[in-house]
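Understanding the architecture of this molecule
Next come the chains, spelled out residue by residue.
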Amino acid sequence: MKQPEPPEPPDPRHPSKSAIRSPNSQISSFAFAFAGLFYVFRTQRNFRIHIAIALVMAFVGLLLGLSLTEWAMFGVMVTVVLAAEMTNTMVEALVDLVSPGYHPLAKVSKDVAAGVVLLTAIGAVVVGLLIFGPKLLAALRLV
């Protein structure tokens, strides 16, 4: 009779329920989250472009003296756009995993995920114009 194979070691990305409460698993969770952030930053050109634009606009915001509320709106919009970009990357990777060949529904998933990024970026531009527009116009009139 053939001996059963030993069980596979537990996957560290899916700890047991008893391990979930340990400090090491919390640290691991943060490590995995930062690994995801670094992966997107390293591999996704559009993510880096969004960050560059956000940094430039943050500098402009410092020069224009944004209010606390304006900074909050700016920060929320930057976060939403970056989160949409990360979600797009996640959807693309998952679709490529489960459907390596062409499939019309895979195309729909990828197109909709890209559309989410476009929609949030357009929203960020509109909010940016509302925040920065009047201040830039006032600054240009002073020059």
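None of these values were measured; they are calculated from a predicted model.

Along its 31 residues, helix H4 (residues 68-98) runs 45 Å from first to last C-alpha, staying within 8% of the 45 Å computed at 1.5 Å per residue. Of all the positions in H4, only Glu 70, Phe 74, Met 77, Val 81, Leu 82, Ala 84, Glu 85, Asn 88, Thr 89 and Val 95 are classed as buried.

Another point: the confidence of the model for the chain. Per-residue confidence for the chain gives a mean pLDDT of 89; residues scoring 70 or more make up 83%. Between the elements of the chain, mean pLDDT differs from a low of 49, seen in helix H1 (residues 17-20), to a high of 98, seen in H4.

A separate point is the packing of helix H3 (residues 45-64) against H4. Closest axis-to-axis distance for the H3/H4 pair is 10 Å, and the angle between their directions is 175°. Accordingly, the angle class assigned to the pair H3 and H4 is roughly antiparallel. Of H4, the residues touching H3 (which contributes Asn 46, Phe 47, His 50, Ile 51, Ala 54, Met 57, Ala 58, Gly 61 and Leu 62) are Trp 71, Phe 74, Val 78, Val 81, Leu 82, Glu 85 and Met 86. Of the residues assigned to the contact of H3 with H4, the class counts are 12 nonpolar, 3 polar and 1 charged.

Right, let's get into the packing of aromatic side chains. Following the criterion strictly, the structure yields 3 aromatic pairs and no others. Ring centres of Trp 71 and Phe 74 lie 5.7 Å apart, and the angle between their planes is 85°; on these two criteria the pair is classed as edge-to-face. Here Trp 71 pairs with Phe 74, and both are found in helix H4, just 3 residues apart, close to one helical turn. On the basis of relative accessibility, which here comes to 13%, the residue Phe 74 falls in the buried class. Considering the side-chain rings of Phe 74 and Phe 132, the 6.1 Å spacing of their centres and the 75° angle between planes classify their relative orientation as edge-to-face. Taken as a pair, Phe 74 in helix H4 and Phe 132 in helix H5 (residues 104-142) lie far apart in primary sequence, 58 residues in all.

Turning our attention to the nonpolar core. With 6 residues, the main nonpolar core is built from Ala 58, Val 60, Leu 66, Phe 74, Ile 131 and Phe 132. The set of elements that each furnish at least two residues to this core consists of H3 and H5. Excluding anything up to four places from it in sequence, Phe 132 contacts Met 57, Val 60, Gly 61, Leu 64, Leu 66 and Phe 74.

Reading guide: rules and limits
Residues numbered from 1 in each chain as written. Predicted model: local features only at pLDDT ≥ 70, side-chain atom pairs only at ≥ 80, totals over all residues. Heavy atoms only, no water. Helix = DSSP H or I, 4+ residues; strand = E, 2+ residues; numbered from the N terminus. Expected span 1.5 Å × (residues − 1). Buried < 20%, exposed > 50% of the residue type's maximum accessible area, 1.4 Å probe, protein only. pLDDT = per-residue confidence, 0-100. Axes fitted to C-alpha atoms, helices over the stretch in contact; angles between N-to-C directions. Parallel < 35°, antiparallel > 145°, perpendicular 65-115°, else oblique. Contact = heavy atoms within 4.5 Å. Nonpolar A, V, L, I, M, F, W, Y, C, P; charged D, E, K, R; others polar. Phe/Tyr/Trp six-rings, centres within 6.5 Å; stacked < 30°, edge-to-face > 60°. Core = buried A, V, L, I, M, F, W, Y, C linked by side-chain atoms within 4.5 Å.

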